[in-house]
Amino acid sequence: MDDNTPELWQVLKESYDALTAAERSLVQVYAVLYEPTNRDIARLCWNAAIADPEKLNPLDAKQFASRVKALVKEGLLSQRYTQGAQCHPLLLDVAVREAVRAGRFEEIAQAVA
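Residues numbered from 1 in each chain as written. Predicted model: local features only at pLDDT ≥ 70, side-chain atom pairs only at ≥ 80, totals over all residues. Heavy atoms only, no water.

Novice: So what exactly am I meant to see when it comes to the pattern of salt bridges here?
Specialist: Once the charged atoms of two side chains with opposite charge are near each other, the side chains can pair. With the rule as written, the count across this model stands at three salt bridges. D17 serves as the salt-bridge partner of K13, at 2.7 Å between the closest nitrogen and oxygen. Highlighted residues: K13 and D17, both in helix α1 (residues 6-17), separated by four residues, approximately one helical turn. Between D93 and R97 there is a salt bridge, with its nearest N and O atoms 2.9 Å apart. Taken together, the residues D93 and R97, both in helix α5 (residues 92-101) and four residues apart, mark about one turn of the helix. (Salt bridge = Lys/Arg side-chain N within 4 Å of Asp/Glu carboxyl O. Helix = DSSP H or I, 4+ residues; strand = E, 2+ residues; numbered from the N terminus.)

Novice: Please explain the state of the cysteines as it appears in this structure.
Specialist: In protein chemistry, a disulfide is the covalent bond that joins the sulfur atoms of two cysteines. Applying the stated criterion across every chain yields a total of zero disulfides. Cysteine C45 shares no disulfide, and the gap to the nearest cysteine sulfur, in C87, comes to 14 Å. Given the relative accessible area of 2%, C87 is considered buried. (Disulfide = S-S within 2.5 Å. Buried < 20%, exposed > 50% of the residue type's maximum accessible area, 1.4 Å probe, protein only.)

Novice: Where do I start with the nonpolar core in this structure?
Specialist: Nonpolar side chains tend toward joint burial in soluble globular proteins. In terms of nonpolar packing, the biggest core is built from 32 residues, with Y16, L26, Y30, W46, F64, L77 and C87 touching the most fellow members. Of all the elements in the fold, those that place two or more residues in this core are α1, α2 (21-33), α3 (39-49), α4 (61-74), β2 (85-87) and α5. With seven residues, the top contributor of residues to this core is α2. Beyond its immediate stretch of four places on either side in the chain, Y16 contacts R24, V27, Q28, L76, L91, V94, A95 and E98. (Core = buried A, V, L, I, M, F, W, Y, C linked by side-chain atoms within 4.5 Å. Contact = heavy atoms within 4.5 Å.)

Novice: Looking at this structure, how should I read the packing of α2 against α4?
Specialist: Geometry of a packed helix pair, given as the angle between the helix axes and the separation of the axes. For the pair α2 and α4, interaxial distance at closest approach is 11 Å and the crossing angle is 80°. Here α2 lies roughly perpendicular to α4, going by the angle between them. For the pair α2 and α4, contact is made by A22, E23, L26, V27 and Y30 and by F64, R67, V68 and L71, respectively. Partitioned by chemical class, the residues of the contact of α2 with α4 number seven nonpolar, no polar and two charged. (Axes fitted to C-alpha atoms, helices over the stretch in contact; angles between N-to-C directions. Parallel < 35°, antiparallel > 145°, perpendicular 65-115°, else oblique. Nonpolar A, V, L, I, M, F, W, Y, C, P; charged D, E, K, R; others polar.)

Novice: Where do I start with the packing of α3 against helix α6 (residues 105-112) in this structure?
Specialist: Direction vectors running N to C along α3 and α6 enclose 140°, while the axes themselves pass 8 Å from each other. Considering the angle they form, α3 stands oblique to α6. Both α3 and α6 take part in a crossing whose hand is right-handed. For the pair α3 and α6, the contacting residues are C45, A48 and A49 in the first and E107, I108, A111 and V112 in the second. Considering only residue class, the contact of α3 with α6 consists of six nonpolar, no polar and one charged. (Left-handed = near helix turned anticlockwise from the far one by under 90°.)

Novice: How should unusual backbone geometry be read in this particular structure?
Specialist: Most peptide bonds take the trans form, and the phi angle of most residues other than glycine is negative. For Y34, which is not glycine, the phi dihedral falls at a positive 70°. Note on placement: Y34 falls in the loop between α2 and α3. Y34 sits in the exposed class, given a relative accessible area of 52%.

Novice: Sorry, what's going on with the environment of C45 here?
Specialist: Secondary-structure assignment places C45 in helix α3. Of the residues examined, C45 reaches a relative accessible area of 6% and is grouped as buried. As a C-alpha pair, C45 and L26 span 19 residues in sequence and 9.6 Å in three-dimensional space. In this structure C45 touches V29, L33, A111 and V112, once residues within four positions along its chain are discounted.

Structure (C-alpha cells):
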C-alpha cells in the first residue's frame, strides 16, 4: 500500500479512533512536537500536559517506552533507527484537531515550548 493513499489514511484513522483516550493523547503530543523526538522529552511533555493524578497517572520511562513501541508497531508513530518517534504524517491533522477539540492543545503546546 502506497504511503499516501486514501486507503492508508483510512486504516490509520480507524486504528487511531480505536485507541484509548490516553493513547490518543500520546499521539497528539507527538503530533504537536511534529519532528522526531526522543522518548524522554516526549514523556516529560506528556506528563506535564496530560497526566492528572486524579484521572491519569504520570508515566515512568519504561511505561512510556512500552506505549510508544506499541504505537510504532501499529504504524501510528514512525521511528527511524537513529531518531526519535514522530506522529505518522497522515495523522498529524487528525491528532492536532482532536487535541484542539478536547481542550488539550494549549497544555501540550506549553509543555512542548
